[in-house]
Amino acid sequence: MCEHNKDVTIMCRCEDITAEEVRAYIAQGVTDLEQLKRLLRVGMGPCQGRTCTPLIVNELARATGRPVQEIPLTVFRPPTTPVKLGVLAGGTDHE
């Protein structure tokens, strides 16, 4: 495909990931949203996937022939270390 024929539509605005990039990984057999997240960082920006997840799920459904409802969403993972509520609330004492 010529450079000027590539689909440069942005699917993940936070990480600047294009439809062409997502489709390339899907064509290589990456048909799991969690894997795409790890490989492309989609859904890891400031919006936390609120914008790009529906777009990518639709792309996965179209490519795999599965209904959108059958595409599993990514797993939420809490912070790896405990964070005191005072720190999150903007308290002044940080340990």
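Going by the structure above, here's the rest.
Now for a description of the structure that goes with this document.

About the thresholds
- Residues numbered from 1 in each chain as written.
- Predicted model: local features only at pLDDT ≥ 70, side-chain atom pairs only at ≥ 80, totals over all residues.
- Heavy atoms only, no water.
- Buried < 20%, exposed > 50% of the residue type's maximum accessible area, 1.4 Å probe, protein only.
- Helix = DSSP H or I, 4+ residues; strand = E, 2+ residues; numbered from the N terminus.
- Arc of directions from axis to C-beta.
- Contact = heavy atoms within 4.5 Å.
- Core = buried A, V, L, I, M, F, W, Y, C linked by side-chain atoms within 4.5 Å.
- Polar contact = N/O pair within 3.5 Å; in protein donor to acceptor, adjacent residues only side chain to side chain.

This part takes up helix α2 (residues 33-40). Because an α-helix packs 3.6 residues into every turn, residues spaced three or four apart end up facing the same way. For α2, the full list of buried residues reads L33, E34, L36, K37 and L40. Mapping the buried residues of α2 onto a view down its axis gives an arc of 165°, with all of them on the same face. Its buried side turned inward, α2 meets β2 (17-18), α1 (19-27) and α3 (52-64). Directly after α2, the chain includes R41, whose backbone phi takes a positive value near 70°.

Residues I17, V22, L36, L40, V42, I56 and L60 are the most contacted members of the largest nonpolar core, which totals 17 residues. With five residues, the top contributor of residues to this core is α3. Excluding residues within four positions of it along the chain, V22 makes contact with M11, I17, L36, L40, I56 and E59.

So, about the side chain of E59. Within the fold, E59 resides in helix α3. Within polar-contact distance, the side chain of E59 engages the side chain of R62 at 2.8 Å. Apart from residues lying up to four places away in sequence, E59 is in contact with M11, V22, R23 and I26.

So, to be careful, I would describe these as geometric facts and stop short of saying anything about function.
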